[in-house]
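# Tertiary structure, described
Residues per chain are reported as follows:
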Amino acid sequence: GDIIKKLVNVEINQDYIKTTLLRKSKNEIYIYKSSITNIPKQYIEKNDIDLYSKKISEIIKSEVQGVEKSYKDIVYNVQDNKTIIRNIEILNVKRKKDMVRMIELEITRYIPIDLNEYVMKYKEIKSYKDKSNIQVILIPKSTIELCKQISKNLKSKARTLNVNCDILQKLLSLDLIENFS
């Protein structure tokens, strides 16, 4: 028979969690169950990752409760105001180490942040003779830690962490947006 993969898709927003139970077989994806739960303000305002992750874990557990135990993989989608997305232009350099340093300098030039609190991902969008257009995504380490703790609390495996700009990134990768700079 068909191999059916079961996933929990968790969308973490500023003040609510959207939980979707998905079943995937071959090229088809079925939504088994989906719900939105508001997160009480006391959990958001405390800035306590342990407390916050436990609350989110409880929400997910209640959604999966009564359903087969085979929902062990989690895909996270995070939409918040802490993730930073910037398109920048830097000089072309040969070594990756030099490119990373130039990206860091360009980012901190305009945004007063501590880069040690973020994980940086970047992609070259377009390269010219002497310059490159780069899309930079800075994800707070606290967001990554939150997802790790939720997975640990639920004894689940985190499969993916998508940030709110991933759809833009996919469109750029497919060259569906022209003259983007």
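Anyway, here's the lowdown on the structure attached to this text. What you are looking at is a predicted structure, and each value in this text was computed from that prediction instead of being measured.

With respect to topology, three strands assemble into an open sheet ordered β5-β7-β6, the strand pairing being antiparallel. The strands lining the two open edges of the sheet, one partner per strand, are β5 (84–91) and β6 (118–127). On average, each strand axis in the sheet is tilted by 25° relative to the strand beside it, whichever way the strands run. Across the face of the sheet, helix α3 (residues 96–110) comes into contact with β5, β6 and β7 (131–140) while running at roughly 120° to β5. On the sheet, helix α4 (residues 141–153) packs against β6 and β7 and is oriented at approximately 50° with respect to β7.

It is worth spelling out the pattern of salt bridges at this point. Enumeration over the complete set of coordinates arrives at eight salt bridges. Of the charged contacts, one joins Glu63 and Lys33 as a salt bridge, the two residues approaching to 3.9 Å between their closest N and O atoms. Taken as a pair, Glu63 in helix α2 (residues 49–64) and Lys33 in strand β3 (residues 28–38) lie far apart in primary sequence, 30 residues in all. Judged by relative accessible area, which is 13%, Glu63 ranks as buried. Overall, the relative accessible area of 29% leaves Lys33 in the partly exposed class. Through salt bridges with shared partners, one network takes in Lys5, Asp73 and Arg159.

Rules used in this analysis
- Every chain's residues receive numbers from 1 upward, in the order its sequence appears when written.
- Residues qualify for local features only when their pLDDT is at least 70, as the model is predicted, and side-chain atom pairs are given and counted only at 80 or more; totals for whole chains, interfaces and linings, by contrast, use all residues.
- Calculated side-chain values reflect all of the structure's heavy atoms, with hydrogen atoms and water omitted.
- Two strands pair under a simple rule: DSSP has to find at least two bridges between them.
- Strands are runs of DSSP state E lasting at least two residues, helices are runs of H or I lasting at least four, and both sets are numbered from the N terminus onward.
- Fitted lines through C-alpha atoms give the axes, limited to the stretch in contact for helices. The angle between two N-to-C directions lies from 0 to 180 degrees.
- We call two residues in contact when some of their heavy atoms are within 4.5 Å.
- Every case where a carboxyl oxygen of Asp or Glu lies within 4 Å of a side-chain nitrogen of Lys or Arg is listed as a salt bridge.
- Three labels apply to residues, based on accessible area from a 1.4 Å probe with only protein chains included: buried if under 20% of the type maximum, exposed if over 50%, partly exposed otherwise in between.

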